[in-house]
Each structure stands twice: as structure tokens, then as C-alpha cells.
Amino acid sequence: MQIRVVMLADFDYFFAQCEELRTPAIKDKPVVVGVYSGRTEESGAVSTSNYIARKYGVKSGMPLFLAKRKLDGTDAVFFKVDHEYYDQISDRIMQIFRGYASNLEQVSVDEAYLDVTDQVEGSFDNAKDYAQKIKADIKLQVGISFTIGVGPNKLIAKIACDNQKPDGLTIVKPQEAKTFLEPLDVDRLLGIGKKTSIKMTELGIKTIGDLAKYGCPRLVEIFGKALGIYFHNAANAIDNEPVQEQGEAESISKIGTLKQDTHDLEFILHKTDELTEFVYKEVTERGLSFKLVSIYAVNVDLSSKSRSITLEQPAKDKETIRRNVRGLFERFLAESALAVRRVGVRVSGFSKDESRQKQLTSFFQGTT
Ligand code: DCP
Ligand code: CA
Ligand code: CA
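Not measured: the values here are computed from a predicted model.

Now for the nonpolar core. Counting 42 residues, the largest nonpolar core has M7, F97, L114 and I134 as the members making the most contacts within it. The set of elements that each furnish at least two residues to this core consists of β1 (6-11), α1 (14-22), β2 (31-36), α4 (83-98), β6 (111-115), α5 (124-141), β7 (146-151) and β10 (288-299). Counting residues per element, this core draws most heavily on α4, at seven residues. By size, the runner-up hydrophobic cluster in this structure holds 26 residues, among which are A315, I321, V347 and F350.

Right, here's the structure in full:
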């Protein structure tokens, strides 16, 4: 399998940071966001708090009265959760992420995986600059800080992200992945909760390194085939799960570097035609129809932009991709004076190609 560069972005003290954004004057005070159960004025639990409040021992899930007690004598401010507002901010950030990644997988309101392999040309050194650029862009556009973990797969990206917070950036290169995991407690792996971790301690497995050395056949014997193999692979830093939009099928895209920086439409279309060939081939092989055609451009100053168009009808032919890519680039170049360095073509919004299914059905009918 080709080397991948996967990022996990996790927004810092998210609900509380959203409140700070709305009311900047509270930034230097302890900020607590809570769910009030309504039984009494005080009853309810802490959703999250800013890092100042955390210094006083406030934690997510803690009863509010306890948080209040810990913050006694400070100028702490308390808020009721406002999911609608947090969702809006989250949506804006996710939308910006989409312009930076070939694939985006949102896992929760404040977390998303980005597959940026193409954008950084498979290089973990480029990934560092790229991550900093994304962070700076969103800080500027939205005003929210977050932490990024970068690794060769989702598993490593996630654990790397937990390494240093807030406003952190941890990069784990493929060759460092196993050593990075080795000293960590096994329960840092997804799927190892209290019960499993007790069981592992009994087996003499304390760290991920211990688990990596434990034989795969023994693990299968103890935990069953699926789990045993998963534990063995995870401990050895192996994870082939793709970064994939949840709910809908992922997109198919291809990005390439132009022979020279240019603002010339025909020169760019010459390249995108090549990329379209690749995308079209993949779409056909998988029997998909698409409803969304997008372009992606990285300018000489390394800023990047994407533009999309939703088709009236699902399509599956090459000409539709070509025509829309041309239209999108025409408009894009008219709006931007910068020369372009890299370009991309993407289709998404898939449905299964029904005519092909019919063909298959009639094929089966014909043979019986
Ligand atoms: N949340 C909640 N109740 C919990 C945990 C979390 O309501 N017990 C909400 C509030 C958080 C959001 O989910 O802002 C994201 O959770 P995280 O675990 O990512 O925590 P934070 O973003 O608050 O902090 P961190 O900076 O540690 O990521
Ligand atoms: Ca989170
Ligand atoms: Ca978070």
C-alpha cells in the first residue's frame, strides 16, 4: 500500500472556546460550559471548560456544584450549552478543511480526519508546514484553535493528536510509528476499555509495545479472530482504514502538479484532462454515478481553493466532468489573479449506476 499522510484535527476545549469567541472579555477567566438538568439551579454536569478552569481541577462530566466549589473565589463564568451555535462554528471549519484534503471524515462536532497525501506529495516534512498553514488559516477565518496529529494512518494520527494539547502539532513519521506507540499504555488504543485492559494486565501486557510482541495466534485464541488480529495490527502501527466521509460514499479525486506555474486556462485544462481520465476510469470501474464535480487549485503562494458544482442529474460520463471542470476553472481564473501550481479534479455525491445494475441483472437472467 502507498504511503498515506493522515491528519486528525481536534478543536481545543471546544464548547468553551466557542463561548470565548462570542464574548472575548472572558478569555482570561475560568470558563465552564454545562448541561443544566433543571431540577435545581445547581444541578447538572460540566460539558467542558477552558484550560484556566482545568487548572483548578474542573473536568468534563463533573457535577456543576463541584466545579463551582473548585472555582470558589475566582471570577469564573458559567454557560449553558448552545449546540446550535457550536454546530455552526464546527460546520464552517469542516467546510474549510474540505478545501485542504482529498478526503474528510468528520468523527464528531470537534474532530475530523483529513487525508492530505496528495496535497503534501506524500512528504511528512511538507505535512508540518501544511498543518501549520491550516491552523493559521482557520485561526484567521474563524478564530478557533485546534490540535493536529499527523501519521501514516488514522490510528497513529489520533494518538499523536492526544500527545500535546492545546494548539498542538505532533507528527509521527511512518518509520517512527512503532517506537512512538511502544511505551504507551494499551488502553490508549481504540477498543481497549477497562475490562480488556484488566485482562491484558493479567496476561502481562501493560504497554502497546508488550502487546506488539505478544503472538498474534495467542491473541486470536484469547480475544477471538477479529479482535485478536485488530489488537495485533494496531499495536504494530498497522491500520488500513481509509479516511472516508461517513454516511455517503467517499469522493474520487486526483491532483497533479503543472509543468510550470500558470494562469492560462488551456494549459491548466491540458493537465486536468489527464486527471479526469484517471477519475473517470475509477468511477467507471466502480459503477458509480456522481452528482458533484469539483476542482482544486494550489496557487504559487501555496494558498488553495476549491470550487464545486452540483449537477441537475447524476452523471457518469467523461464529457460531463470535462465540461464542468472547464467551467469551474474559467470562473476561478477570472476571480483570482495568482498563477496556479497544482490542480485537482474530484467527483462525489455518488449513487450506484442503475443501468449497469440492469445490465448485470439481464446478464444473469440470460445465463439461467
Ligand atoms: N463534551 C461533553 N461532555 C463530555 C465530554 C465532551 O459535552 N463529557 C463536549 C464538550 C467538548 C466537546 O464535547 O467541548 C469535545 O470534547 P473533547 O473531549 O474533545 O474536549 P474539549 O474539546 O472540550 O477539550 P480538549 O481541548 O481536551 O480537546
Ligand atoms: Ca474531541
Ligand atoms: Ca477537543
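So, on to the packing of aromatic side chains. Within the structure shown, the criterion is met by twelve aromatic pairs. Arranged with centres 5.6 Å apart and planes meeting at 85°, the rings of F97 and F146 form a pair that is edge-to-face. Here F97 is found in helix α4, whereas its partner F146 is found in strand β7, with 49 residues between them in sequence. According to the relative accessible area criterion, F146 is buried, its value standing at 1%. Taken together, the ring pairs connect F11, F14, F15, Y85, Y86, F97 and F146 into an aromatic cluster.

Turning next to the site of ligand 1. For ligand 1, the set of nearby residues contains 13 residues, the closest of which are Y13, T48, Y51, R54 and K165. Between ligand 1 and Y13 there is a distance of 2.7 Å, counted from an oxygen atom to a backbone nitrogen or oxygen. Here F14 contributes a backbone N or O atom positioned 3.0 Å from an oxygen atom of ligand 1. For ligand 1, whose free accessible area comes to 560 Å², the fraction covered by protein is 69%. For the shell around ligand 1, the residue count by class is five nonpolar, three polar and five charged.

Next up on the list: the coordination of the calcium ion (ligand 2). Coordination of the calcium ion (ligand 2) by the protein involves D10 (OD), D110 (OD), D110 (OD) and E111 (OE), with metal-donor separations of 2.3 to 3.1 Å. Of note, the calcium ion (ligand 2) draws all its donor residues from one chain, in the sequence arrangement D-x99-D-E. Between the calcium ion (ligand 2) and the calcium ion (ligand 3), both coordinated by D10, there is a metal-metal distance of 3.6 Å. You can call D110 buried: its relative accessible area is 14%. Relative accessible area serves as the criterion here: at 13%, E111 is assigned to the buried category.

Glancing now at the coordination of the calcium ion (ligand 3). Octahedral metals with six donors have ideal donor angles of 90 or 180 degrees. Tetrahedral metals with four donors have an ideal donor angle of 109.5 degrees. Looking at the calcium ion (ligand 3), one finds its protein donor set to be D10 (OD), F11 (O) and D110 (OD), positioned 2.1 to 2.2 Å from the metal centre. Taken together, the six donor atoms surrounding the calcium ion (ligand 3) define angles of 79 to 177° at the centre, an arrangement classified as octahedral. Within one chain, the residues donating to the calcium ion (ligand 3) are spaced in sequence as D-F-x98-D.

Moving on: the environment of Y230. Topologically, Y230 is positioned in helix α11 (residues 225-235). Not counting chain neighbours up to four residues away, the residues in contact with Y230 comprise L155 and L190.

Bringing the sheet that holds β2 into the picture now. The strand order across the open sheet built from three strands is β3-β2-β4, with neighbouring strands paired in mixed fashion. Bordering the open sheet on either side are β3 (44-49) and β4 (77-80), each of which pairs with just one other strand. Averaged over all adjacent pairs, the angle separating strand axes in this sheet is 35°, with direction ignored. Pairing between β2 and β3: five bridges, direction antiparallel. For V33, the partnering residue across the bridge sits in β3 and is T48. Across the sheet, α1 touches β2, β3 and β4, and the angle it forms with β2 is around 115°.

What counts and what doesn't
Residues numbered from 1 in each chain as written. Chains lettered and ligands numbered in written order. Predicted model: local features only at pLDDT ≥ 70, side-chain atom pairs only at ≥ 80, totals over all residues. Heavy atoms only, no water. Core = buried A, V, L, I, M, F, W, Y, C linked by side-chain atoms within 4.5 Å. Buried < 20%, exposed > 50% of the residue type's maximum accessible area, 1.4 Å probe, protein only. Helix = DSSP H or I, 4+ residues; strand = E, 2+ residues; numbered from the N terminus. Phe/Tyr/Trp six-rings, centres within 6.5 Å; stacked < 30°, edge-to-face > 60°. Near = heavy atom within 4 Å. Polar contact = N/O pair within 3.5 Å; in protein donor to acceptor, adjacent residues only side chain to side chain. Areas by Shrake-Rupley, 256 points an atom, 1.4 Å probe, with all protein chains shown as cover. Nonpolar A, V, L, I, M, F, W, Y, C, P; charged D, E, K, R; others polar. Donors = N, O, S within 2.8 Å, 3.2 Å for Na, K, Ca; no water. Tetrahedral: all angles 85-135°; square planar, octahedral: opposite > 155°, others 65-115°. Contact = heavy atoms within 4.5 Å. Pairing = 2+ DSSP bridges. Axes fitted to C-alpha atoms, helices over the stretch in contact; angles between N-to-C directions.

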